[in-house]
Structure formats: structure tokens, C-alpha cells
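# Remarks on the overall topology
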Amino acid sequence: MGKVTLESVYKIYPGNVEAVRDFNLEINDGEFLVLVGPSGCGKSTTLRMVAGLEEITRGTIKIGERIVNNVAPKDRDIAMVFQNYALYPHLTVYDNMAFGLKLRKYPKDEIAQRVKEAADILGIGELLQRRPKALSGGQRQRVAVGRAIVRKPEVFLFDEPLSNLDAKMRVQMRVEISRLHNRLETTMIYVTHDQTEAMTMGDRIVVMKDGIVQQVDTPIGLYDNPANKFVGGFIGTPPMNFFNGQLVMINSGLVFDEGSFKVPVPGEWKNALNPHVGKAIIWGVRPEDLGSPAAEQIEDAPRITATVDVMEPMGSETFVYMNTGEHSFISRVDAHRIFQVGEEAQLAVFVRKSHFFDAQSESLIV
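Residues numbered from 1 in each chain as written. Predicted model: local features only at pLDDT ≥ 70, side-chain atom pairs only at ≥ 80, totals over all residues. Heavy atoms only, no water.

### Some details on empty space enclosed by the protein
- In the structure shown here, the tally under the stated rule is 1 cavity of 30 Å³ or more.
- Each pocket or cavity is described by its volume, and for the largest cavity that value is around 40 Å³.
- Leu 6, Phe 23, Ile 27, Leu 33, Leu 35, Thr 46, Leu 47, Val 50 and Ile 189 are the residues that line the largest cavity.
- The set of elements that each furnish at least two residues to the lining of the largest cavity consists of β2 (17-27), β3 (32-36) and α1 (43-51).
- With 3 residues, α1 is the largest single contributor of residues to the lining of the largest cavity. (1 Å grid on protein atoms, 1.4 Å probe; cavity = no way out; pocket = protein on both sides within 12 Å on 5 of 7 lines; lining within 4 Å. Points joined across faces, edges and corners; volume = space filled by probe spheres on them. Helix = DSSP H or I, 4+ residues; strand = E, 2+ residues; numbered from the N terminus.)

Set out below in C-alpha cells:
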């Protein structure tokens, strides 16, 4: 069974540097779990502790029902795909893929069968007699994945496997890895700093910062209900816009006052936000909820007036960088909506899709 459990796992380096703090998670058998966060957040360290390449300082890691804290990497029934491919340059593709099986004394016939199956799955059957230097980056990555597949492990571990590929190849490879997961139905733990990879590939996503888990949820759960300002700003492209301001009461209704504009708060949020009236608060709204066709179609939608700084046409839509005098922000608008740099424009706000965060803790309020 490919279930992986981490219970109160810590990694503390000399000098009392906490790379991972109190990590608790149960990864289901057959699940595709993604660890995501900025550089230095502890995601690769966590993966390496599961692999046995890093010793844990304290806590428990289980693969299936077996505690593997003191089990050597080769005995954990895992296979790992690295960022730099880690292929032997003097061996052919076939021998690279077969290397681990040969070390474990598998019969030649079984090795040949497993290598052929993996090569067929990955579409590299015609490359088996080439050496790594004769392969493109994408082909090398397929070989590295193939070397993991032939092992038929309980758990696959991927450590930023696509970061060395160009943009087009990254898209192609992430589709192939997702397709591979659907076919093999094996537990996969995948580390990336790219939130687009995380959103498109993961059944669940673990967002980390400074060694601490910020939130664990499905991609849509993270997008719709970020636990705090960090998650809200990390998930989504372009990132969520944040406005500092305060809540004020006007004619028995709550209003967010940014200084240069005011936005009425939906009535159903009043009870949750009442304790914050008169205090500093952070309002978060995604670029796609400012001036988008959906927002513009809302009758009586509140509007923000801001100055256009930069426009980035993306084909089907345009990213518009704007400022209110108090804050700079990004809007995603229809590609056919034309602005001029320097003009003042009004953008409708989809307020019910926005978020309010506590100014001190930065936790989500509503």
C-alpha cells in the first residue's frame, strides 16, 4: 500500500535552523500530492526525508504501515526523479533504465520486459540505444521517469523535475506525468515552486512557507478559500491584489475604505466583519474579479477608479497594471477592451469573490 504518513516531523540543522517544523500529513494510497512554496520553504527537505536522503530530527514517517525513520533509502520501496535527471552519461538509455534492476539481480528477461513497457508508456522506445548526450532535455527527463517506473515502487517522488525544461516542454511533460499517474494509480509526491504546476497536477496541494505548512487542500479549495494572505497571494496567476484600508460603518452598512475608493461589503459578511470596524484590515481581490466580463455584467457592481500604468496583451485577455495612488494592482480584462496608458479607468468589482484578511495575523476572516 502506497500510503505515506508524516507525524510531527521536524528537520533542524546546526545552529537551531528549523527547515521543517511540525509537519503532519496523511497522503492517501494512489494520491498525487504536490508540495509547493517559495525557495527555502522546506518542500524539498520534506521530500528528501520521505526518501531517506535526509535524517529527520524528530517525528515519524510511515510508508504503508511501516515506520521508515531508520530504513535505508534503497529499502523504502520508493523511486525518485531529480531535477538534474542524474543519468549515467556512459550508459545507453536502456542501461540507465535497467541499472537499478540489475543491481537487485532481476532476471534479464524481466528487466527487458519492464524497460520495454516503461519505454512504450513514455514514447521513448526508439531511443533505447542512444546515450544521454544525444537526447534533448525533455527526452532525458522521460528516461529519468522511465528509470523510476521500471522499479514499480509504492511511492514516486519528484523533486522539481521540470525546472530545467523550456516553457513549452514543461507544459507537455506535466501533462504526460499526470497521464502517467492516471495510468499507474501509484502514490506520487511532487515538489515544485511553480504554482501553475501545482494547480494543474495535484489532487491535493500542500502550501509551505518558512518550513511550516500554511494550508492543505484541493486546487480549487486553495483558490476559493485561502487560509491566509500568503496562500491567497501565492496561488493564482497573476497573484491576488491586496489593499490596506479600514472598515467603516456608513448608513448602517459596512464599507471598505482604501483612501481613494470605497467598496460596500456584502450584507451576509457583516457579522464576521463587525469586530473589525474602525481597525486596519486587508482586502484581497483577484485580477480576474476586477474589470472582467463577469464583474462588468453585475448590476450596480461597485467600481474602482485607477490610472493605467502598463498593458500586457495575452491574446484572449489583457493584464492591465494600474494604481490608485495608494496601491498598485493588476486586472485581467477582455482582450478587446482598450485602455490608454495614463488614462483613468473604472473597473467593476466582483465583491463576493473577494477576501478580507486580519491586518495583524494575516489570517482569512471572510
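On we go from here.
### A few points about the packing of aromatic side chains
- Overall, the coordinates contain 14 aromatic pairs when judged by the stated rule.
- Residues Phe 243 and Trp 283 carry aromatic rings whose centres are separated by 5.4 Å and whose planes lie at 35° to one another, so their mutual orientation is tilted. Within this pair, whereas Phe 243 is found in strand β11 (residues 241-250), its partner Trp 283 is found in strand β14 (residues 280-285), the two being separated by 40 residues in sequence.
- The exposure class of Trp 283 is buried, given its relative accessible area of 0%.
- Geometrically, the ring pair formed by Phe 256 and Phe 261 is tilted, given 6.5 Å between the ring centres and 55° between the ring planes.
- With relative accessibility at 6%, the residue Phe 261 sits in the buried group.
- Among the aromatic residues, those joined into a ring-pair cluster are Phe 243, Phe 256, Phe 261, Trp 269, Trp 283, Phe 329 and Phe 356. (Phe/Tyr/Trp six-rings, centres within 6.5 Å; stacked < 30°, edge-to-face > 60°. Buried < 20%, exposed > 50% of the residue type's maximum accessible area, 1.4 Å probe, protein only.)

### Some points on the pattern of salt bridges
- A full pass over the atoms with the stated rule returns 17 salt bridges.
- Across the pair Lys 3 and Glu 65 runs a salt bridge, and its minimum N-O distance is 3.7 Å. Highlighted residues: Lys 3 in the segment before β1 (4-13) and Glu 65 in the loop between β4 (58-63) and β5 (66-67), separated in sequence by 62 residues.
- One salt bridge in this structure joins Arg 303 and Glu 296, with 3.0 Å as the shortest N-O distance.
- Note on Arg 303: relative accessible area 37%, which makes it partly exposed.
- Overall, Glu 296 belongs to the partly exposed group, its relative accessible area being 25%. (Salt bridge = Lys/Arg side-chain N within 4 Å of Asp/Glu carboxyl O.)

### Describing the sheet that holds strand β19 (residues 355-358)
- The strand order β13-β12-β11-β14-β19 describes an open sheet built from 5 strands, whose pairing is antiparallel. Looking at strand neighbours, the two that pair on one side only are β13 (262-264) and β19, the edges of this open sheet. Here the average twist between neighbouring strands, direction ignored, is 40°.
- Bridging between β11 and strand β12 (residues 253-257) involves 5 bridges; their strand directions are antiparallel. Bridge pairing in β12 links Leu 247 to Phe 256. (Pairing = 2+ DSSP bridges. Axes fitted to C-alpha atoms, helices over the stretch in contact; angles between N-to-C directions.)

### What to know about α1
- When you tally the buried positions in α1, you get 7 out of 9 residues, the bulk of the element.
- Just past α1, the residue Gly 52 takes up positive phi, approximately 90°.

### A few points about the side chain of Glu 288
- If you trace the backbone, Glu 288 turns up in the loop between β14 and α10 (293-296).
- Excluding anything up to four places from it in sequence, Glu 288 contacts Tyr 223 and Arg 332. (Contact = heavy atoms within 4.5 Å.)

### Looking at the packing of helix α2 (residues 93-103) against helix α3 (residues 108-122)
- Packing of α2 against α3 leaves a shortest axis separation of 10 Å and a crossing angle of 130°. Considering the angle they form, α2 stands oblique to α3. Crossing of α2 over α3 shows right-handed handedness. Contacts between α2 and α3 involve Tyr 94, Met 97, Ala 98, Leu 101 and Lys 102 on the former and, on the latter, Ile 111, Ala 112, Arg 114, Val 115, Ala 118 and Ala 119. (Parallel < 35°, antiparallel > 145°, perpendicular 65-115°, else oblique. Left-handed = near helix turned anticlockwise from the far one by under 90°.)

### As for the layout of surface pockets
- For the largest pocket, the calculated volume is near 550 Å³.
- Every residue lining the largest pocket is counted, 23 residues in all, and those nearest its centre are Met 80, Phe 82, Arg 104, Arg 147 and Arg 151.
- The element best represented in the lining of the largest pocket is α2, accounting for 6 residues.
- Among the residues making up the lining of the largest pocket, the classes are represented as 16 nonpolar, 2 polar and 5 charged.
- Across the lining of the second largest pocket, the residue classes break down as 9 nonpolar, no polar and 3 charged. (Nonpolar A, V, L, I, M, F, W, Y, C, P; charged D, E, K, R; others polar.)

### Side note on the nonpolar core
- Membership of the largest hydrophobic core comes to 45 residues, with the highest contact counts inside it found for Met 97, Phe 158, Tyr 190 and Val 207.
- Excluding its chain neighbours within four sequence positions, the residues that come into contact with Tyr 190 are Phe 32, Leu 33, Val 34, Leu 35, Phe 158, Pro 161, Leu 162, Ile 177, Glu 197 and Met 201.
- Val 4, Val 9, Leu 25 and Ile 189 belong to the second largest nonpolar core, which has 27 residues in total. (Core = buried A, V, L, I, M, F, W, Y, C linked by side-chain atoms within 4.5 Å.)

### Here we look at the sheet that holds strand β8 (residues 187-192)
- Ordered by their spatial adjacency, 6 strands build an open sheet running β6-β7-β8-β3-β9-β10, and the pairing between neighbours is mixed. Strands with a single pairing partner mark the edges of an open sheet, and in this sheet they are β6 (78-81) and β10 (212-217). Between one strand axis and the next, the sheet turns by 15° as a mean value, whatever way the strands run.
- Both β3 and β8 contribute to a ladder of 5 bridges, which runs parallel. Bridge pairing links Leu 35 to Val 191 in β8.

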